[in-house]
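Secondary and tertiary structure notes
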Amino acid sequence: MPGKKRLRMRGVKHSTKRLEDELLERSRALSDDPGLLRPQCAGGCRKCVFDKPFKAIDSLQKIKNNPDALIKEASKFGGDDLVRAYAGTVSLAAAGSVPILGTASLGGEKVSYAVRGTVGADKLIGCQYYTDPKIRILLYNQMIKKHKLHLYSFGDEIVCSDDPNMPEDYLYDTFWETPYEFPDDGLTCGHDTSAVLELRIKSLDQCIRICENCARDVSTVQYIISRLSAVDPMDDIEVRVRHKFHSEGEKDYVEVKDDLLKRYMSGELKDNTLISTVKRTKLGDLKEADTATYIIGTRNYGSDLDAFMKDITGEGSEVETIRKFLSSNNRAVVVKTGRSSEVLSVLWENDWRELIVTHTDRETLAKVGDVSKGQPINILNMAHDIFVSADVVASLPEFKRPGPITAIADSLAKAAKVGGLPMLTKTAERTGMKDSRSRSVTASFLKAMGATEMPMKLSKDEAEFADYLVPFAKNVIAASGEKYREDMNTLLTAASSGEKV
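Scope of this entry: the structure provided in the associated data block.

Reading guide: rules and limits
- Residues numbered from 1 in each chain as written.
- Predicted model: local features only at pLDDT ≥ 70, side-chain atom pairs only at ≥ 80, totals over all residues.
- Heavy atoms only, no water.
- Pairing = 2+ DSSP bridges.
- Helix = DSSP H or I, 4+ residues; strand = E, 2+ residues; numbered from the N terminus.
- Contact = heavy atoms within 4.5 Å.
- Axes fitted to C-alpha atoms, helices over the stretch in contact; angles between N-to-C directions.
- Buried < 20%, exposed > 50% of the residue type's maximum accessible area, 1.4 Å probe, protein only.
- Polar contact = N/O pair within 3.5 Å; in protein donor to acceptor, adjacent residues only side chain to side chain.
- Salt bridge = Lys/Arg side-chain N within 4 Å of Asp/Glu carboxyl O.
- Phe/Tyr/Trp six-rings, centres within 6.5 Å; stacked < 30°, edge-to-face > 60°.
- Left-handed = near helix turned anticlockwise from the far one by under 90°.
- Nonpolar A, V, L, I, M, F, W, Y, C, P; charged D, E, K, R; others polar.

Points about the sheet that holds strand β11 (residues 293–296)
- The sheet built from three strands is open, its strands ordered β12-β11-β13 with mixed pairing. Since the sheet does not close on itself, it has two edges, and those belong to β12 (299–300) and β13 (332–335), each with one partner.
- By the bridge criterion, two bridges tie β11 to β12 in an arrangement that is antiparallel. Paired with Ile 295 across the two strands is Asn 300, which belongs to β12.

In structure tokens:
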């Protein structure tokens, strides 16, 4: 069926006169050809349940021009509903008029019909609107369910079967009523995402596939069963959400059934909300399970840590920390990209302590305090600086309650001692430079280590002051033991900070 041009129908409001004319026209057509109502057979029934009522309908041909006789047939107590609905409908053609119009509500819309005989309104409406694929189902519903048959209504055709046997044209006809327009008018969007809704028609062995990005605020299954009559309209349809959020060896799909299926059939859940509901549930299950599962985007690596780590990008030390941590701890890691920063963010809330320990050691963890709310990359960098600075810091005096300039100069000097210009530059970028003096002091340490570019803008006076402080900064960087304290005091005096250690 792909390639067949789809046709979208819109409802049209009619005047009473036009409505009566259309009812009369359909009544005359049925009077001339009762076979327009008879479903085609696509099953293997030994005896057709429609033989008897249509034999009775054929017998009405001898009175088809007698409205009174037809009304009598339409009013027979205990008579076949299909026969009575037919008699009442063709009585309009026999009378040449529509005496009484009734109104019924179908799916929130008002439908007018001719009241004739004592047959139920649903049967009369189904018969009088036999050209409407959705409405004509009303004529057959009771009989179909009584005999446990399946009826498919589409276009000008009505097809009946004793077993599920959906015509391909029916599937495309109903799906094309949805807002989806897929390549070549097909049944699948063709996208591979982390979750895809699948509606499989078992009798056709065909599948509708809608990815999470294409999924709309509609219930596609409602369209598919909208013109299908059966005791269980879902006995031929499997609804699944195929997803990436499963551990190695587990099924990669969820069968939508029971209450979830009822909510989807009723329209409480739409295609998009059904997918998101299943995703949320499976992701929660995955995180609670004590298994190692790694997912990047649409690729599920199962428990293959090596394959997962090959696709992780970032600073070598961060990537190595992730590898070491996951080697010793089973975790479900689900990220959109392969960036190390995203992996750390996913793990951080519950595992920040062990990540810091893996990146440095337990002593460093004790020094950094509670950093659970910080940015993982920044915290790990800070912890690493503390870790590698430990020996240097231990050899230097500790300043109790340092002033703001003292704190800046102390951190810069220790960074320069431990990691040279690279570590000094990172520390300078983290250190507050809110006032002119702190900017000049920071710049003096950078210049003392050979920096030619500054991470901040300096005024002419600030730059000249920084140049003046460079020799004092060099002395602090080179000093150790108590000499460090003496040279720090000299720097603080030269900077006119008013502070002393």
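As for the sheet that holds strand β1 (residues 40–41)
- Strands sit in the order β1-β5-β4-β8 across an open sheet of four strands; the sheet is mixed. Each edge of the open sheet carries a strand with a single partner, namely β1 and β8 (228–229).
- One ladder, built from two bridges, connects strand β4 (residues 150–154) with β8; its direction is antiparallel. The residue bridging Leu 151 from the neighbouring strand is Ser 229, located in β8.
- Its contacts with the sheet place helix α7 (residues 168–175) against β4 and β8, and it is angled at close to 55 degrees to β4.

So, the environment of Lys 62
- Structurally, Lys 62 is set in the loop between α2 (51–59) and α3 (67–74).
- Classification of Lys 62 as exposed rests on a relative accessible area of 70%.
- For the pair Lys 62 and Arg 263, spaced 201 residues apart in the sequence, the C-alpha separation amounts to 50 Å.
- At 2.7 Å, the side chain of Lys 62 and the backbone oxygen of Ser 59 are in polar contact.

Section: the side chain of Thr 193
- Turning to its location among the elements, Thr 193 is positioned in the loop between α7 and β6 (195–201).
- A relative accessible area of 9% places Thr 193 in the buried class.
- Looking at Thr 193, its side chain comes within polar contact range of the main-chain oxygen of Ala 195, at 2.9 Å.
- Excluding anything up to four places from it in sequence, Thr 193 contacts Cys 211, Glu 212, Asn 213, Lys 244 and Thr 298.

Structural notes on the pattern of salt bridges
- Here the structure, examined in full by the defined rule, presents 31 salt bridges.
- The partner of Lys 244 in a salt bridge is Asp 192, with the nearest N and O atoms 3.6 Å apart. Of this pair, Lys 244 sits in the loop between β9 (237–243) and β10 (253–255) while Asp 192 sits in the loop between α7 and β6, and the two are 52 residues apart along the sequence.
- Across the pair Arg 485 and Glu 482 runs a salt bridge, and its minimum N-O distance is 3.0 Å. Here the residue Arg 485 and the residue Glu 482 both occupy positions in helix α19 (residues 481–494), the gap between them amounting to three residues, near one helical turn.
- We classify Glu 482 as partly exposed; its relative accessible area is 49%.
- A single salt-bridge network, built from bridges that share partners, covers Lys 134, Asp 173, Glu 177 and Arg 227.

Overview of the environment of Ser 247
- Within the secondary structure, Ser 247 sits in the loop between β9 and β10.
- Residue classification places Ser 247 among the buried residues on the basis of a relative accessible area of 8%.
- For the pair Ser 247 and Ile 295, spaced 48 residues apart in the sequence, the C-alpha separation amounts to 9.9 Å.
- Not counting residues within four places of it along the chain, the set of residues in contact with Ser 247 comprises Leu 286, Thr 291 and Thr 293.
- Within the structure, the side chain of Ser 247 is placed 3.4 Å from the side chain of Thr 293, a separation counted as a polar contact.

Topic: the packing of aromatic side chains
- Applying the stated criterion across every chain, the model contains 13 aromatic pairs.
- The interplanar angle of 75 degrees and the centroid separation of 6.2 Å between the aromatic rings of Phe 50 and Tyr 140 together place this pair among those described as edge-to-face. Taken together, the residues Phe 50 in the loop between β1 and α2 and Tyr 140 in helix α6 (residues 137–146) connect sequence positions 90 residues apart.
- For Phe 50, a relative accessible area of 1% corresponds to the buried category.
- Take Tyr 140: its relative accessible area is 2%, and that puts it in the buried class.
- Taken together, a centroid distance of 4.9 Å and an interplanar angle of 20 degrees make the contact between Tyr 294 and Phe 308 stacked. Of the two residues, Tyr 294 is situated in strand β11 and Phe 308 in helix α11 (residues 305–310); the sequence distance between them amounts to 14 residues. Considered together, Tyr 294 and Phe 308 belong to a single accessibility category, that of buried residues.
- Through a chain of ring-to-ring contacts, three or more aromatic side chains come together here, namely Phe 50, Phe 54 and Tyr 140.

A few points about the side chain of Asp 236
- Within the secondary structure, Asp 236 is located in the loop between β8 and β9.
- Side chain to side chain, Asp 236 and Ser 203 meet in a polar contact 2.6 Å long.
- Dropping the residues within four chain positions of it, Asp 236 is found in contact with Tyr 152, Pro 164, Met 166, Arg 200, Ile 201, Lys 202 and Ser 203.

Considering the packing of helix α16 (residues 404–430) against helix α17 (residues 436–448)
- It is the contact of α16 with α17, at a shortest axis distance of 9 Å, that shows an interaxial angle of 35 degrees. Note that α16 runs across α17; the crossing there is right-handed. In this structure, α16 uses Ile 405, Ile 408, Ala 409, Leu 412, Ala 413, Leu 421, Leu 424, Thr 425 and Ala 428 to contact α17, whose residues at the interface are Arg 437, Ser 438, Val 441, Thr 442, Phe 445 and Leu 446.
- Split into classes, the residues belonging to the contact of α16 with α17 amount to eleven nonpolar, three polar and one charged.

A few points about unusual backbone geometry
- Phi is positive for Asp 205, close to 55 degrees, though the residue is something other than glycine.
- Examined against the element boundaries, Asp 205 turns out to sit in the loop between β6 and β7 (206–211).
- In this structure Asp 205 comes out as exposed when scored by relative accessible area, which is 57%.
- Notably, Arg 401 is not glycine yet its phi reads approximately 45 degrees, a positive angle.

A few points about the pairing of β6
- Burial of β6 is extensive: six of the seven residues sit out of reach of the surface.
- Here β6 pairs with β9 via seven bridges, running antiparallel. Residue Glu 198 lies in a different strand from β9, and its bridge partner there is Arg 240.
- Across six bridges, β6 lies against β7 in antiparallel orientation. Residue pairing across strands places Glu 198 opposite Arg 209, the latter belonging to β7.
- Connecting β6 to the antiparallel partner β7 that follows it, the hairpin turn spans four residues, and Asp 205 within it adopts a positive phi of roughly 55 degrees.

Spatial relationships are all this shows, so hold off on functional conclusions.
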